Amino acid sequence: MAEAARQGMWVLRTTPYKEYGQLVVLFTEQFGKITAVVHGSRRAKSPLKSLLQPFNYISAVLSSKHSELCTLKEVELNCSFPLQQKELICAQYLNEILFYLLENNIPEPQIFNSYLGVLRQLAGGAPDIEVLLRNFELELLDNIGYGIDFISDYQGNRIRANVSYVYEPDNGFIPVTFESNSKYTFIGADLASMSRREFGNRRVLSAIKHICKKVINSRIGNHKIYTRALFAQYLAMRR
């Protein structure tokens, strides 16, 4: 990358760099997830301090003429999404899973557009945030090669509506033909609803949350999703 044309991007994470700069992990329109250096952004009077914030949709020019790290230049704000506490935690969760699951320098235009759409809905007071998050997780997993097969079991047999299954991320759905030690089993009829993205039934919604969590955990290794605990604290305070 010598110098790329101006493009849209989101800030996923920032860390200090040298005396006044920052390393910024970005989700960009053209290149997917990248890390860029921004010089002077931590100076007291730098206008970049307010621009390089999560959930600001910014545009900028990327350059890597003299370094392995690309440099972020000519940053402008396209729009921002003010979020209430619950919606803010959910948006932070999206940033965490994007940070850990996206590979560097692989364009993800569909996920980029979906992320923008989810933030718009969160800012507008989405009526069912759980459904919104589960649909985004499933789309993300599909696009990065970890999609869940709700149609066939681990042996390639068609999932049957009246059979119970356990789920293993590296294998798939396994029929329960014995006394299972797992407290999580899923009836085939519910898996069919998941394949159609029909989450009106709260049992189905709870099940797909568990399945998505299991897949994501299997892919991020020892990393921890901190917003899960933050959201649990939020719910406890609301009781």
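Refer to the structure presented above.
Calculation criteria
- The numbering scheme is per chain: residues are counted from 1 as the chain's sequence reads.
- Selection of residues for local features in this predicted model requires a pLDDT of at least 70, selection of side-chain atom pairs for listing and counting requires 80 or more, and totals for whole chains, interfaces and linings are taken over all residues.
- As a rule here, side-chain values come from all non-hydrogen atoms in the structure, and water together with hydrogens is ignored.
- Salt bridges are defined as contacts in which a side-chain nitrogen from Lys or Arg sits within 4 Å of a carboxyl oxygen from Asp or Glu.
- Note on classification: 1.4 Å probe, protein chains only; a residue is buried when its accessible area is under 20% of the maximum for its type, exposed when over 50%, partly exposed between these limits.
- Runs of E in the DSSP output that reach at least two residues are strands. Runs of H or I that reach at least four are helices, and both are numbered from the N terminus.
- Whether two strands pair comes down to DSSP finding at least two bridges between them.
- Any two of the Phe, Tyr and Trp rings considered here, Trp counted by its six-membered ring, make a pair once their centres fall within 6.5 Å; the pair's planes then place it as stacked at under 30 degrees, edge-to-face at over 60, or tilted in between.
- Counting as a charge over the ring demands two things of the Lys NZ or Arg CZ atom: a distance within 6 Å of the ring centre and an angle within 35 degrees of the ring normal.

On to the pattern of salt bridges, then. Scanning the entire structure with this criterion turns up 10 salt bridges. A salt bridge links Glu198 to Arg196; the shortest N-O distance between them is 3.1 Å. Of the residues examined, Glu198 reaches a relative accessible area of 39% and is grouped as partly exposed. Connected through salt bridges with shared partners, the residues Glu130, Arg134, Glu137 and Lys209 form a single ionic network.

Another point: unusual backbone geometry. Phi at Phe55 is positive, roughly 75 degrees, even though this residue is not glycine. Counting through the fold element by element, Phe55 comes out in the loop between helix H1 (48-51) and strand S4 (56-63). Using a relative accessible area of 5% as the deciding quantity, one classes Phe55 as buried. Phi at Arg197 takes a positive value of approximately 60 degrees, unusual for a residue other than glycine.

The element strand S2 (residues 21-28) is largely enclosed, with a buried count of 7 among its 8 residues. Relative to S2, strand S1 (residues 7-17) runs antiparallel, the two sharing 8 bridges. Looking at the pairing, Tyr17 lines up with Gly21 of S2. The turn linking S2 back onto strand S3 (residues 32-38) is made up of 3 residues.

Any two aromatic rings considered together are summarised by their centre-to-centre distance and by the angle between their planes. Enumeration according to the criterion identifies 11 aromatic pairs in this entry. On the numbers, 5.1 Å between centres and 80 degrees between planes, the contact of Phe99 with Tyr100 is edge-to-face. We note that Phe99, like Tyr100, is buried. Consider the rings of Phe173 and Phe186, whose centres lie 6.5 Å apart with planes at 85 degrees: the pair is edge-to-face. In this pair, Phe173 sits in strand S7 (residues 172-175) while Phe186 sits in strand S8 (residues 186-187), placing the two residues 13 residues apart along the sequence. With respect to class, Phe173 is no different from Phe186; both count as buried. Through successive ring pairs, a cluster of aromatic residues spans Trp10, Phe27, Tyr57, Phe81, Phe112 and Tyr115. Directly above the aromatic system of Phe99 lies the positively charged group of Lys33, at a separation of 5.2 Å from the ring centroid. A cation sits over an aromatic face here: Arg43 above Tyr20, 3.9 Å from the ring centre.

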